Every structure is written in structure tokens, then in C-alpha cells.
Amino acid sequence: MRIGMLTGGGDCPGLNAVIRGAVLSGTAAGADFVGFRDGWRGPLDGLTMTLGPVEVRNILERGGTILGSSRTNPLKIEGGLEQIRTTLLEHNVDALIAIGGEDTLGVAEKLNDAGMAVVGVPKTIDNDLSGTDYTFGFDTSVNIAMEAIDRLHTTADSHHRVLVVEVMGRHAGWIALHSGMAGSAAAILIPEQEFDLDEVAGWCRSHASRGRAPIVVVAEGAQASGGSLSVKDADLDSFGHVRLSGIGERLAAELERRTGIESRSVLLGHLQRGGTPTAFDRVLGTRFGAAAFSAVQDRDFGCMVALRGTDIVRIPLAEAVGTLKTVPPQRYAEARAFFG
Ligand code: F6P
């Protein structure tokens with residue numbers, strides 16, 4: 001059996017663990033692999049690389065993806081799906097393992113519906129894919145953000161400043177919620193819940209009045225009520241997403257104006273996606289990779305491997321890509337009890 005593998009969308013610590021997990025368990029069972037480079041661009045343009053035990057040596061601890069990634073969307077290219085079918089036939093690929101987020105797995109579902117044999121693996125630092133309790137990469141990015149917040153506390157305390165930390169999360173505030181709770185933020189602002197600027201200023205003032213410099217963690221997709229601070233680029237990516245960034249800077253200026261406390265902002269950006277994965281993400285990625293190979297071996301196509309509790313299960317791809325898993329109001333309320 002010959003298995004193709006690709007990684008699509010924004011990269012994520014733990015991708016190499018998945019690749020290694022699938023290749024090592026697959027080759028031990030007699031399968032062989034071909035890597036498609038740079039997401040869906042690989043099977044569209046026939047960009048391949050050798051993928052076997054030698055290529056996956058020493059990659060478990062490496063961030064990024066040895067296969068490369070892109071946000072290429074074959075559904076936006078005329079004849080894209082047929083082009084992929086032709087490439088898979090040319091390379092004698094019996095099944096494809098697609099590792100990605102909602103966009104990549106949405107394409108995987110369409111390919112599977114069109115008769116190609118596809119298994120999905122959920123990936124995103126944002127942790128916003130439905131059907132799985134956690135995606136790998138999330139734990140690493142939360143730890144990176146938490147460490148940044150820990151460092152910002154000491155400098156903010158020294159200068160009696162407000163520090164606003166902008167983290168990733170266009171539609172879901174999981175990274176903000178977890179890193180903010182772990183870093184004892186004075187306020188956490190997420191896309192799921194519009195925030196009121198006066199209320200945030202109030203939390204900062206009460207925090208400062210107790211002698212501690214307030215740290216405000218804001219997800220890039222968070223919105224002030226009335227849309228007053230929204231920051232969007234004119235460009236959309238090929239999956240139609242707006243590019244966001246800059247809310248942290250604007251928020252810091254507003255908080256300074258409203259509280260009279262000197263304020264600064266830090267944009268963590270792609271630092272959150274870089275570098276070595278945590279132990280949690282290495283283990284989850286490895287288990288997902290091995291489970292994806294088992295699904296291929298069982299010819300259980302059209303499924304995605306997922307984490308439920310501590311078990312790895314298989315769910316239909318359609319279940320994973322239908323709706324995003326956002327932060328439930330109850331989870332936000334738990335964190336909010338500690339604001340101010
Ligand atoms: O893929 C998820 C994500 O990390 C988002 O949180 C973020 O908005 C986006 O990727 C940034 O993507 P890019 O690499 O295209 O700048």
C-alpha cells in the first residue's frame with residue numbers, strides 16, 4: 001500500500017510528530033509513503049518528496065513541517081480536484097493522509113466525496129476544530145504565550161504600566177483564554193464575546209490599585225462593542241479569511257487614554273507557531289499519526305482521527321469541518337471571575 005501525506009494551512013508545532021508517527025507505524029506494517037510538498041499545491045502541481053524512516057529521523061522535536069505548507073485552495077482552481085486525482089494516480093497513491101485545519105480538511109472531505117481515499121488529522125494552534133477535544137500545537141502556543149506574559153509581568157510591574165498582549169485566534173479565543181488564565185491576566189478578550197472598553201479600563205484601574213501592573217490578553221479577532229477597534233486588512237486569503245492584527249496596539253492606546261496609566265502592547269504573532277513542540281503535542285501528534293495509518297489500513301476513509309478524553313477515536317470528516325469549536329460562554333465566565 002502506498003500512502004500520500006500532506007500538511008496544509010498555517011504550520012503548527014507537532015506536525016512532524018504526526019508525519020513520523022504515521023511513517024514509522026506504516027513502514028513497520030509494510031506500507032510505503034510519498035510526501036506532497038506545500039499543502040494542496042503538492043498534489044496539484046506534482047511536487048513530491050521521498051518520505052520514509054530516514055526522512056523522519058530526528059524530526060520529533062522539530063517545529064514546522066518537513067513537508068512544507070501553504071494555504072492553496074484547490075476548490076478555487078478550475079479542475080483542481082481532477083488535477084489532484086491525476087497526480088495521485090501517477091504516483092500510485094492508494095490513500096492520502098491530509099493533516100490540517102478546517103480549510104485543509106474541508107478540501108479532504110470534498111476529495112473523499114469525489115471517490116479519493118482520504119483520512120484527516122486535525123491540526124491548528126487555535127484549537128477551534130470541532131470533534132476533537134484538543135488539536136496538537138495548541139499546548140505549545142499556550143505555553144509560549146504564557147511564558148511571554150510571565151516576562152511581561154516583571155517589566156510592567158517595574159514601570160507601573162498596562163501591557164496588552166495580542167495573541168492569535170481569529171474566530172476562537174482558546175489561546176487567549178488559556179494563556180491569560182495561566183498568566184493571571186487582568187482581562188482576557190476573545191472573539192466570541194464583544195468587550196466594553198470602559199469595563200476593560202475599569203479592570204485595569206482596579207488591578208493597578210492593588211499594586212500590580214495589569215496584563216490584558218487580547219485575541220486578534222476580539223471586537224470592542226460597536227466595532228470601534230476592529231482591524232482588518234483589505235486582502236483575503238484563498239480560503240476567504242480576513243487578515244487580522246493590530247487590535248493590541250489600538251487597545252493599549254485606548255486604555256492609556258481612559259485610565260491615565262502608561263500602556264504598551266506586544267504582538268506575539270508567529271512566535272506562537274514556531275519552535276519545538278511541548279511533550280503533550282509530541283505525544284498527541286505521534287498518536288494521531290499512528291491512528292491515521294490504522295484508519296488507512298482499515299480502509300476507513302472519509303474519517304478524521306480525534307482526541308476524546310484520553311482516547312483517540314475516528315469521526316466523519318463532515319463532523320469536524322461543519323462548525324468551529326468556539327469558547328463556550330461558561331468557560332469564559334469561569335475566567336472572567338478573576339478579571340480586574
Ligand atoms: O492557522 C491559524 C492561525 O494561526 C490563526 O490563528 C492566525 O490568524 C493565522 O493562522 C495566521 O496565518 P498566516 O500564517 O497566514 O499569517
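It should be emphasised that the depicted structure is a prediction, and the values quoted were computed from it without experimental measurement.

*Asks:* Before we move on, can you summarise the site of the ligand with the specific residues and values?
*Replies:* In the vicinity of the ligand, the contacting residues are Arg71, Ile125, Asp126, Met168, Gly169, Arg170, Glu220, His270 and Arg273. Within the contact set of the ligand, an oxygen atom lies 2.6 Å away from a side-chain nitrogen or oxygen of Glu220. In this structure, an oxygen atom belonging to the ligand sits 2.9 Å away from a side-chain N or O atom of His270. Relative to its free-state accessible area of 400 Å², the ligand is covered by the protein chains to the extent of 79%. Residue composition of the shell around the ligand, grouped by class: two nonpolar, two polar and five charged.

*Asks:* So what about the pattern of salt bridges? Which residues, and what values?
*Replies:* Scanning all chains against the criterion turns up 16 salt bridges. Between Asp11 and Arg273 there is a salt bridge whose closest N-O contact spans 2.9 Å. Taken together, the residues span a long stretch of sequence, with Asp11 in the loop between β1 (2-7) and α1 (15-28) and Arg273 in the loop between β11 (263-267) and α9 (279-297) at a distance of 262 residues. For the salt bridge of Arg258 with Asp198, the shortest nitrogen-to-oxygen distance reads 2.8 Å. Linking Arg258 in helix α8 (residues 247-259) with Asp198 in helix α7 (residues 197-209), this pair joins segments that are 60 residues apart in sequence.

*Asks:* Quick one: what's the story with the packing of aromatic side chains, residue by residue and with numbers?
*Replies:* In the structure shown here, the tally under the stated rule is five aromatic pairs. Ring centres of Trp203 and Phe339 lie 5.0 Å apart, and the angle between their planes is 75°; on these two criteria the pair is classed as edge-to-face. Within this pair, whereas Trp203 is found in helix α7, its partner Phe339 is found in the segment after α11 (329-336), the two being separated by 136 residues in sequence. We note that Trp203, like Phe339, is buried. Aromatic pair Tyr332 and Phe339: ring centres 5.9 Å apart, planes at 70°, arrangement edge-to-face. Since its relative accessible area comes to 3%, Tyr332 is described here as buried.

*Asks:* Pulling in residues and values, what's your account of the domain arrangement of the chain?
*Replies:* One can read the domain layout of the chain as domain 1 (2-136 + 277-321) and domain 2 (139-273). Each side of the interface is counted separately: domain 1 has 18 residues, and domain 2 has 17 residues. Surface buried jointly by domain 1 and domain 2 totals about 1600 Å² across both partners, of which 52% is contributed by carbon and sulfur atoms. When residues of domain 1 are sorted by the area they lose upon contact with domain 2, Arg71, Asp103 and Ile125 head the list and together hold 36% of the total. The tally of links between domain 1 and domain 2 comes to one salt bridge. Applying the counting criterion to the domain 1 and domain 2 interface returns four residue pairs in polar contact (both at pLDDT 80 or more). Elements supplying a minimum of two residues to the side of domain 1 that touches domain 2: α4 (102-113) and α9. Split into classes, the residues belonging to the side of domain 1 that touches domain 2 amount to six nonpolar, five polar and seven charged.

*Asks:* I'd like a description of the packing of α7 against α8, backed by residues and values.
*Replies:* Relative orientation of the contacting elements α7 and α8 amounts to 70°, with a least axis distance of 9 Å. Considering the angle they form, α7 stands roughly perpendicular to α8. Remark: the crossing between α7 and α8 carries right-handed chirality. In this structure, α7 uses Leu197, Asp198, Val200, Ala201, Cys204 and Arg205 to contact α8, whose residues at the interface are Leu251, Glu254, Leu255, Arg258 and Thr259.

*Asks:* Describe unusual backbone geometry, and please don't skip the residues or the numbers.
*Replies:* The backbone phi angle of His160 is positive, close to 55°, even though this residue is not glycine. Even without a glycine there, the phi angle at Ser184 is positive, about 45°. Take Ser184: it is sitting in the loop between α6 (174-182) and β7 (187-189).

*Asks:* Outline the pairing of strand β4 (residues 95-100), supporting the account with residue identities and numerical values.
*Replies:* Where burial is concerned, most of β4 is hidden: six out of the six residues are buried. Where β1 and β4 come together, five bridges link them in parallel fashion. Its bridge partner lying in β4, Thr7 is registered against Ile99. Inspection of the sheet shows β4 paired to strand β5 (residues 118-122) by five bridges, in the parallel sense.

*Asks:* Please give an account of the state of the cysteines that cites residues and values.
*Replies:* A full pass over the atoms with the stated rule returns zero disulfides. In this structure Cys12 is not part of a disulfide, and its nearest cysteine sulfur, from Cys303, lies 19 Å away.

*Asks:* So, the sheet that holds β1: which residues are in play, and what are the values?
*Replies:* Within the open sheet, the seven strands sit side by side as β3-β2-β1-β4-β5-β12-β13. Their pairing is mixed. Of all strands in the sheet, those with a lone pairing partner are β3 (48-51) and β13 (311-316), marking the two edges. For this sheet, the mean inter-axis angle between neighbouring strands, taken without regard to orientation, is 30°. Relative to the sheet, α1 contacts β1, β2 (32-36), β3, β4 and β5, its axis offset from that of β1 by approximately 175°.

Analysis parameters
Residues numbered from 1 in each chain as written. Predicted model: local features only at pLDDT ≥ 70, side-chain atom pairs only at ≥ 80, totals over all residues. Heavy atoms only, no water. Near = heavy atom within 4 Å. Polar contact = N/O pair within 3.5 Å; in protein donor to acceptor, adjacent residues only side chain to side chain. Areas by Shrake-Rupley, 256 points an atom, 1.4 Å probe, with all protein chains shown as cover. Nonpolar A, V, L, I, M, F, W, Y, C, P; charged D, E, K, R; others polar. Salt bridge = Lys/Arg side-chain N within 4 Å of Asp/Glu carboxyl O. Helix = DSSP H or I, 4+ residues; strand = E, 2+ residues; numbered from the N terminus. Phe/Tyr/Trp six-rings, centres within 6.5 Å; stacked < 30°, edge-to-face > 60°. Buried < 20%, exposed > 50% of the residue type's maximum accessible area, 1.4 Å probe, protein only. Domains from an automatic or database assignment. Contact = heavy atoms within 4.5 Å. Buried area = accessible area lost by both parts, 1.4 Å probe. Axes fitted to C-alpha atoms, helices over the stretch in contact; angles between N-to-C directions. Parallel < 35°, antiparallel > 145°, perpendicular 65-115°, else oblique. Left-handed = near helix turned anticlockwise from the far one by under 90°. Pairing = 2+ DSSP bridges. Disulfide = S-S within 2.5 Å.

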